[in-house]
Amino acid sequence: MNDSRTGSGEPPLRVLVVEDDPVAADAHALYVARVPGFTVSGTVRSVTGARRHLDRHAVDLLLLDLYLPDGHGLTFVRSLRAAGHAADVIAVTSARDLAVVREGVSLGVVQYVLKPFTFATLRDRLLRYAAFRAAAGEASGQDEVDRAIAALRSPQPAALPKGLTAATLRVVTDALRAAPGGLSAAAAADAIGISRITARRYLEHLVETGRAARAPQYGQVGRPELRYRWSGH
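Residues numbered from 1 in each chain as written. Predicted model: local features only at pLDDT ≥ 70, side-chain atom pairs only at ≥ 80, totals over all residues. Heavy atoms only, no water.

Right, let's get into the pattern of salt bridges. As a working rule, side chains carrying opposite charge can pair if their charged atoms are close by. Per the stated rule, a full pass over the model turns up nine salt bridges. Residues Glu19 and Lys115 are paired through a salt bridge, measuring 2.8 Å at the closest nitrogen-oxygen approach. Of the two residues, Glu19 sits in the loop between β1 (13-18) and α1 (22-34) while Lys115 sits in the loop between β7 (109-114) and α5 (119-134), which places them 96 residues apart along the sequence. Taking relative accessible area as the criterion, Lys115 reaches 23% and is therefore assigned partly exposed. Across the pair Arg196 and Glu225 runs a salt bridge whose closest N-O atoms are separated by 3.9 Å. Remark: Glu225 occurs in strand β10 (residues 225-230) and Arg196 occurs in helix α9 (residues 196-208); sequence separation between them is 29 residues. (Salt bridge = Lys/Arg side-chain N within 4 Å of Asp/Glu carboxyl O. Helix = DSSP H or I, 4+ residues; strand = E, 2+ residues; numbered from the N terminus. Buried < 20%, exposed > 50% of the residue type's maximum accessible area, 1.4 Å probe, protein only.)

The next thing to look at is the nonpolar core. Judged by nonpolar contacts, the single largest core of 22 residues is most densely connected at Val32, Phe38, Leu61, Leu63, Ile90, Leu122 and Leu126. Those elements giving two or more residues to this core turn out to be β1, α1, β2 (38-44), β3 (61-65), β6 (88-93), β7 and α5. Considering every element that reaches this core, the biggest residue donor is α5, with five residues. Membership of the second largest hydrophobic core comes to 21 residues, among which are Leu74, Phe76, Leu80 and Ala91. (Core = buried A, V, L, I, M, F, W, Y, C linked by side-chain atoms within 4.5 Å.)

Okay, the packing of aromatic side chains next. Enumeration over the complete set of coordinates arrives at two aromatic pairs. Note on Tyr31 and Phe119: the rings are 5.6 Å apart at their centroids and 55 degrees apart in plane angle, and the pair reads as tilted. With a gap of 88 residues between them, Tyr31 in helix α1 and Phe119 in helix α5 connect regions that are remote in the sequence. No difference in accessibility class separates Tyr31 from Phe119, as the two residues are buried. One cation-aromatic arrangement involves Arg34 over Phe119; the distance from NZ or CZ to the ring centre is 3.8 Å. (Phe/Tyr/Trp six-rings, centres within 6.5 Å; stacked < 30°, edge-to-face > 60°. Lys NZ or Arg CZ within 6 Å of the ring centre and 35° of its normal.)

A separate point is the packing of α1 against α5. Running from amino to carboxyl end, α1 crosses α5 at an angle of 55 degrees, the nearest separation of the two axes being 10 Å. Compared by their axis directions, α1 and α5 come out oblique. Read as a crossing pair, α1 and α5 show a hand that is right-handed. Note on element contacts: α5 touches α1 through Phe119, Leu122 and Leu126, opposite His28, Tyr31, Val32 and Arg34. A per-class count over the contact of α1 with α5 returns five nonpolar, one polar and one charged. (Axes fitted to C-alpha atoms, helices over the stretch in contact; angles between N-to-C directions. Parallel < 35°, antiparallel > 145°, perpendicular 65-115°, else oblique. Left-handed = near helix turned anticlockwise from the far one by under 90°. Contact = heavy atoms within 4.5 Å. Nonpolar A, V, L, I, M, F, W, Y, C, P; charged D, E, K, R; others polar.)

Attention now goes to the environment of Val172. Following the sequence through the fold, Val172 ends up in helix α7 (residues 166-177). As a C-alpha pair, Val172 and Ala191 span 19 residues in sequence and 9.1 Å in three-dimensional space. If sequence neighbours within four positions are ignored, Val172 has contacts with Ile192, Ile194, Tyr202, Leu203 and Leu206.

Looking at the secondary structure, you find Ala134 in helix α5. Between the C-alpha atoms of Ala134 and Glu10, which are 124 residues apart in sequence, the distance is 9.8 Å.

This next bit is on α5. Counted at 1.5 Å a residue, the expected span for α5 with its 16 residues is 22 Å, and the 22 Å between its end C-alpha atoms agrees. Taken as a whole, α5 has its buried residues at Phe119, Ala120, Thr121, Leu122, Asp124, Arg125, Leu126, Arg128, Tyr129 and Ala130. (Expected span 1.5 Å × (residues − 1).)

Turning our attention to the sheet that holds β2. The sheet built from five strands is open, its strands ordered β2-β1-β3-β6-β7 with parallel pairing. At either margin of the open sheet sits one strand with a lone partner, and together these are β2 and β7. Sheet twist, expressed as the average angle between the axes of neighbouring strands with direction ignored, equals 20 degrees. (Pairing = 2+ DSSP bridges.)

With 12 residues, α7 extends 16 Å from end C-alpha to end C-alpha; this agrees with the ideal 16 Å at 1.5 Å per step. Considered for burial, the residues of α7 that qualify are Leu169, Val172, Thr173, Ala175 and Leu176. One side of α7 carries all its buried residues, which in axial view fall inside an arc of 165 degrees. In α7, the exposed positions angled more than 90 degrees off the buried face are occupied by Arg170 and Asp174. (Arc of directions from axis to C-beta.)

Once that is clear, we can look at the sheet that holds strand β8 (residues 183-184). Read from one edge to the other, the open sheet built from three strands follows the order β8-β10-β9, with strand pairing classed as antiparallel. Each edge of the sheet is formed by a strand with only one pairing partner; in this case those strands are β8 and β9 (212-217). Strand contacts of α7: β8, β9 and β10, with the helix running at about 90 degrees to β10, the strand carrying the most contacts.

Take a look at the structure:
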């Protein structure tokens, strides 16, 4: 875990991970612990567990799954606000219902992170949240207020793995989105004009970031071929 804010001398921001899936909970806690300026206050699996933790420990931020076995995350947040708890919330969910997003914003949810996500994605959100928290004093004008809000609301795309470029990723993404039946790495390579190995790297990246799914396609002879289908937005 991190014990201090990077270069600031400030104590770390304490994060409570609320996630019912044990594998995801451990992964999310590991991600948080790797980000400078943050520390994991605890990991709980339910609304009840979160309440108990908050009664005993000071927490700055909840990394909150919205669908928990004993209640909805936003209902929990609403009850926290009514009880005077001021901890901020980053919602973690696979739901893409914008009505839920709007409700969360009205309750003070500062960010949404869609599952599945990479470490780079969460790191970006956390560092932007830290920058937002660090803003203090009186703004000199509208521009300064806008910058403070932009630090929170306008995340940059997560850095790509070494060897991948944004331009080629856009081309691969466009090709996959334009193929309702999906594409194999070989078909993507032929359509785009890159090597099969390169196409596979980009397609696998889309799978890892939750924007594509893969499944074997069995032909008449030989080994099954992986076929990739767009599943993102």
